[in-house]
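# Results of the structural survey
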Amino acid sequence: MPCTVDVASQEQPEPGPDRLPIRVRLRGETVIWSDVMYPGPDDGVIEEVRFSLEQYLGEVERAYAALQRQP
């Protein structure tokens, strides 16, 4: 089921307009981030990013482990 999540946000004093929401969905073995907009290498706009599911889950696990090591 696709969902929209904030991958970054300003938390203090409270979440506000400085958040970065993206739409995440899974299609087969591909994780797709859409509703993103940033300049690409050819001055075009990137609106969708795709990751292999294995690579994506590996990065999620790595980030979670790093958070667990923080005091």
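Residues numbered from 1 in each chain as written. Predicted model: local features only at pLDDT ≥ 70, side-chain atom pairs only at ≥ 80, totals over all residues. Heavy atoms only, no water.

### Examining the side chain of Arg 25
Selection rule: Numbering goes from the N terminus for both helices and strands, where a helix is a DSSP run of H or I of at least four residues and a strand is a run of E of at least two. Whether a residue is buried, partly exposed or exposed follows from its accessible area with a 1.4 Å probe, protein chains only, as a fraction of its type maximum: under 20%, in between, or over 50%, in that order. By the criterion applied in these results, polar contacts are pairs of N or O atoms within 3.5 Å in which, for protein atoms, one can donate a hydrogen and the other can accept it, and in which residues neighboring in sequence qualify only through two side-chain atoms. Contacts are assigned to residue pairs with any non-hydrogen atoms lying within 4.5 Å of each other.
Looking at the secondary structure, you find Arg 25 in strand β2 (residues 20-27). Judged by relative accessible area, Arg 25 falls into the buried class, the value being 18%. Polar contacts involving the side chain of Arg 25 include one to the side chain of Glu 48, which spans 3.5 Å. Every residue in contact with Arg 25, bar those within four places of it in the chain, is listed here: Pro 2, Thr 30, Val 31, Ile 32, Ser 34 and Glu 48.

### Quick notes on the nonpolar core
For the record, the criterion: Working definition of a nonpolar core: buried Ala, Val, Leu, Ile, Met, Phe, Trp, Tyr and Cys residues. They are joined through side-chain atoms within 4.5 Å.
The biggest cluster of nonpolar side chains holds 6 residues, and these are Ile 22, Val 24, Val 31, Val 36, Val 49 and Leu 53. Elements supplying a minimum of two residues to this core: β2 and β3 (30-39). In this structure Val 36 touches Ile 22, Ile 46, Glu 47, Glu 48 and Val 49, once residues within four positions along its chain are discounted.

Geometric values such as these leave the question of function open.
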